[in-house]
2 protein chains.
Amino acid sequence: MVAVTLLGGGNLAQHLASAFFAANGIELRQIYNRSIAPIAHWEGKVLVTNQLEALVETDVCIIAVNDQSIETLSKKIAPFNGLLLHCSGTLDLDVLQANSRTGVLYPLQSFSKDKEIDFGKIPLCLEVSDTADHSKLLYLANSLSEKNIWMTTAQRKKLHLAAVFVNNFVNYMYTLGEEICVENGIPFEILHPLIEETAHKINTLPPSQAQTGPAIRKDTLTLEAHKKQLQHQKKEIYSLLTAALLKTQK
Amino acid sequence: MVAVTLLGGGNLAQHLASAFFAANGIELRQIYNRSIAPIAHWEGKVLVTNQLEALVETDVCIIAVNDQSIETLSKKIAPFNGLLLHCSGTLDLDVLQANSRTGVLYPLQSFSKDKEIDFGKIPLCLEVSDTADHSKLLYLANSLSEKNIWMTTAQRKKLHLAAVFVNNFVNYMYTLGEEICVENGIPFEILHPLIEETAHKINTLPPSQAQTGPAIRKDTLTLEAHKKQLQHQKKEIYSLLTAALLKTQK
């Protein structure tokens, strides 16, 4: 049994709390947040506090707050004797307490407050400062997810960057598509099956081989017709991405 | 019972042929392609030819070849007495024979040769030159798919443009993410759950509301750190899309 303290009350912390609370072999002992309200619904199930001085000792303390607050919070709490983790894709290990055993548990997913998440399918990226903590972190990760992967800080940062392309930028492409639909009285929903199929296809085909469209066919008539229909930012984005796709065909 | 002729032997034509052959209330009578090989497996089931002079009369003739060849092929065949359709997202009705009754059956999906497609879930965009053909085209479309939508030529062109953003450009974002992974020894597969979730999320939340990431949080530290890791085209794309996302927050 591994006893866990969780610091944070945002989307990630709430999803982690639920997952740890339900996990076998894990005792979620305490949740801290600077205000009680977001974590008040945990009272009666685990210790709940907004006082850093009230933190009890556990095996693992997970700092699940936003990147900007991790270092400050880590340095505010009393020296931690267990394994101290953060959940960031972009931060080094040394933003945590210098004299503690430290590590990373970075869940590769985008969390929305009201959207249920099956933690079992979320890849967890793992790192520890001291290899002696290897098995403890793996035990913790295995209790949450079946997909765990060790990586270096440098790899984690690159993965976070790749995630910006396949998640944030992809969602922005959806937004631009939605705007074009709305401006022209077309229900955006009719693009849903195409969006699902595009995401689904890469399970069987690398995206570089799955590429279709007028740029890849060098269909200059369609490309020009499209550009004429666009203005400002959408036109700039269309032109840059089309030029990049045309280059891949050389 | 509606008798159908299909012209073409590419991905779309093959998927349409299979769907029409299996559909109730449709008789796929003949398939033409300029070379027999791609359609030879239909011999014995339907009439197969590579001679335009051998085309038999049917109720509906569907030109399912690439956009560049539709007009030429339409003008090569004998004047057609039934309903003559093309399947293009970008072309006007008048690329078809001037004196025929014409229409459009544009399936909003990207077809790969070896990937099975459930036609029943693919939205079909419909248009006819003569409203008298409305019910015939609807009958045909209903035999294939449960999702049919009438739209004007102008709307269809806009929808095709929106599809480039949510399909072609999205897939290119996947490619860029894959490149970053491969360059850094990270298996691209660990991004699959995030990709699926991103596509899935828009079923419950408009993409403009689902947007996450460092740009939307105005997390300039992460944005600068990301830019430093990128070069050339990826850096240009990252910068342009980030600038666009930052603007949406003003």
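Residues numbered from 1 in each chain as written. Chains lettered and ligands numbered in written order. Predicted model: local features only at pLDDT ≥ 70, side-chain atom pairs only at ≥ 80, totals over all residues. Heavy atoms only, no water.

### Here we look at the overall build of chain A
Okay, so step 1: Of regular secondary structure, chain A possesses eight helices and eight strands.
Okay, so step 2: Dimensions of chain A along its principal axes, counting C-alpha atoms only, are 70 × 40 × 30 Å.
Okay, so step 3: Out of the 250 residues in chain A, the part that is buried amounts to 58%.
Okay, so step 4: Restricting the contact set of chain A to residue pairs at least 6 apart, pairs at least 24 apart contribute 52%.
Okay, so step 5: Entry remark: accessible area of chain A is about 10,800 Å², with carbon and sulfur atoms responsible for 51%.
Okay, so step 6: The centroid of the 23 positive side-chain charges in chain A is displaced by 8 Å from the centroid of its 25 negative side-chain charges. (Helix = DSSP H or I, 4+ residues; strand = E, 2+ residues; numbered from the N terminus. Buried < 20%, exposed > 50% of the residue type's maximum accessible area, 1.4 Å probe, protein only. Contact = heavy atoms within 4.5 Å. Areas by Shrake-Rupley, 256 points an atom, 1.4 Å probe, with all protein chains shown as cover. Lys, Arg positive; Asp, Glu negative; His and termini not counted. Charge placed at Lys NZ, Arg CZ, Asp CG, Glu CD.)

### A word on the domain arrangement of chain A
All names here are of chain A.
Okay, so step 1: Its domain assignment divides chain A into domain 1 (2-151) and domain 2 (156-248).
Okay, so step 2: Its C-alpha centre places domain 1 at a distance of 36 Å from the equivalent point of domain 2.
Okay, so step 3: Counting residues at the interface gives 13 residues for domain 1, matched by six residues for domain 2.
Okay, so step 4: Summing both partners gives a buried area of about 820 Å² for domain 1 against domain 2, and 58% of it is carried by carbon and sulfur.
Okay, so step 5: Put simply, domain 1 and domain 2 have two salt bridges between them.
Okay, so step 6: Between Asp92 and Lys157 there is a salt bridge, with its nearest N and O atoms 3.1 Å apart.
Okay, so step 7: One can count four residue pairs in polar contact (both at pLDDT 80 or more) joining domain 1 with domain 2.
Okay, so step 8: When residues of the side of domain 1 that touches domain 2 are traced back to their parent elements, those giving at least two are β6 (101-107) and β7 (124-128).
Okay, so step 9: Here the side of domain 1 that touches domain 2 is built from residues that sort into six nonpolar, five polar and two charged. (Domains from an automatic or database assignment. Buried area = accessible area lost by both parts, 1.4 Å probe. Salt bridge = Lys/Arg side-chain N within 4 Å of Asp/Glu carboxyl O. Polar contact = N/O pair within 3.5 Å; in protein donor to acceptor, adjacent residues only side chain to side chain. Nonpolar A, V, L, I, M, F, W, Y, C, P; charged D, E, K, R; others polar.)

### A few points about the sheet that holds strand β6 (residues 101-107) of chain B
Residue and element names in this part refer to chain B.
Okay, so step 1: Read from one edge of the open sheet, eight strands run β3-β2-β1-β4-β5-β6-β7-β8, paired in mixed fashion. Among the strands making up the open sheet, the edge pair consists of β3 (47-49) and β8 (148-150). Averaged over all pairs of adjacent strands, the angle between strand axes in this sheet comes to 25 degrees, irrespective of strand direction.
Okay, so step 2: Across four bridges, strand β4 (residues 60-63) lies against strand β5 (residues 83-86) in parallel orientation. (Pairing = 2+ DSSP bridges. Axes fitted to C-alpha atoms, helices over the stretch in contact; angles between N-to-C directions.)

### Side note on the nonpolar core
Okay, so step 1: Of all hydrophobic cores here, the largest spans 80 residues; its most connected members are Leu191 of chain A together with Leu191 of chain B.
Okay, so step 2: Not counting residues up to four positions away in its chain, the partners in contact with Leu191 of chain A are Cys181 of chain A together with Leu108, Leu159, Ala162, Ala163 and Val166 of chain B. (Core = buried A, V, L, I, M, F, W, Y, C linked by side-chain atoms within 4.5 Å.)

### Describing the packing of aromatic side chains
Okay, so step 1: For the coordinates displayed, the defined rule picks out eight aromatic pairs over all chains.
Okay, so step 2: Centre to centre, the rings of Phe165 of chain B and Phe169 of chain B are 5.1 Å apart; their planes meet at 85 degrees, and the pair counts as edge-to-face. Taken together, the residues Phe165 of chain B and Phe169 of chain B, both in helix α4 (residues 153-183) and four residues apart, mark about one turn of the helix.
Okay, so step 3: Assessed through its relative accessible area of 1%, Phe169 of chain B is described here as buried.
Okay, so step 4: Three or more aromatic residues link up through ring pairs in this structure, and these residues are Phe165 and Phe169 of chain A together with Tyr238 of chain B.
Okay, so step 5: Cation over ring: Lys45 of chain A sits above Trp42 of chain A, and NZ or CZ is 5.3 Å from the ring centre. (Phe/Tyr/Trp six-rings, centres within 6.5 Å; stacked < 30°, edge-to-face > 60°. Lys NZ or Arg CZ within 6 Å of the ring centre and 35° of its normal.)

### Considering the pairing of β4 of chain B
Residues and elements named next belong to chain B.
Okay, so step 1: Across the two faces of β4 the burial is the same, with Val60 and Ile62 and Cys61 and Ile63 all buried.
Okay, so step 2: Of the pairings in the sheet, the one linking strand β1 (residues 2-7) to β4 comprises four bridges and is parallel in character. Bridge pairing in β4 places Leu6 opposite Ile62.
Okay, so step 3: Chirality of the crossover, the property in question, places the unit of β4, helix α2 (residues 67-76) and β5 among those that are right-handed. (Right-handed = clockwise from strand over helix to strand, strands pointing away.)

### Some thoughts on the confidence of the model for chain A
Okay, so step 1: In this model, chain A carries an average pLDDT of 94, and 98% of its residues clear a pLDDT of 70 or more.
Okay, so step 2: Both scores are available for the predicted complex, with the pTM at 0.91 and the ipTM at 0.92. (pLDDT = per-residue confidence, 0-100.)

### Focus: the interface of chain B and chain A
Okay, so step 1: On the side of chain A, 85 residues touch chain B, which itself brings 85 residues to the contact.
Okay, so step 2: For the pair chain B and chain A, the number of links is zero salt bridges.
Okay, so step 3: Counting across the interface, chain B meets chain A through 24 residue pairs in polar contact (both at pLDDT 80 or more).
Okay, so step 4: For the side of chain B that touches chain A, the secondary structure elements donating two or more residues are α4, α5 (192-201), α6 (207-210), α7 (220-229) and α8 (232-248) of chain B.

### Overview of the pattern of salt bridges
For side chains bearing opposite charge, pairing can occur when the charged atoms are close.
Okay, so step 1: Evaluated as defined, the whole model comprises 20 salt bridges over all chains.
Okay, so step 2: Between Lys121 of chain A and Glu146 of chain A there is a salt bridge; the shortest N-O distance is 3.3 Å. Taken as a pair, Lys121 of chain A in the loop between β6 and β7 and Glu146 of chain A in the loop between α3 (134-144) and β8 (148-150) lie far apart in primary sequence, 25 residues in all.
Okay, so step 3: Overall, the relative accessible area of 43% leaves Lys121 of chain A in the partly exposed class.
Okay, so step 4: Accessibility expressed as a relative area gives 59% for Glu146 of chain A, which makes it exposed.
Okay, so step 5: For Lys75 of chain B, the salt bridge is made with Glu71 of chain B, and the minimal N-O distance between the two is 3.2 Å. Here Glu71 of chain B and Lys75 of chain B lie together in helix α2, a separation of four residues that amounts to about one turn.
Okay, so step 6: Of the residues examined, Lys75 of chain B reaches a relative accessible area of 47% and is grouped as partly exposed.
Okay, so step 7: A relative accessible area of 38% places Glu71 of chain B in the partly exposed class.
Okay, so step 8: In the salt-bridge network here, residues are joined through shared partners; they are Glu179, Glu183 and Lys234 of chain A.

### Section: the sheet that holds strand β5 (residues 83-86) of chain A
All names here are of chain A.
Okay, so step 1: Across the sheet, eight strands lie side by side as β3-β2-β1-β4-β5-β6-β7-β8; this open sheet has mixed pairing. The sheet terminates laterally at β3 (47-49) and β8, the two strands that pair on one side only. Strand-to-strand twist in this sheet, taken as the mean axis angle between neighbours without regard to direction, amounts to 25 degrees.
Okay, so step 2: In the sheet, β5 pairs with β6 via four bridges, with the strands oriented parallel. Bridging across to β6, Leu85 finds its partner in Gly103.
Okay, so step 3: In the packing of helix α1 (residues 11-22) onto the sheet, the strands contacted are β1 (2-7), β2 (26-32), β4 (60-63) and β6, and the crossing angle to β2 comes to about 150 degrees.

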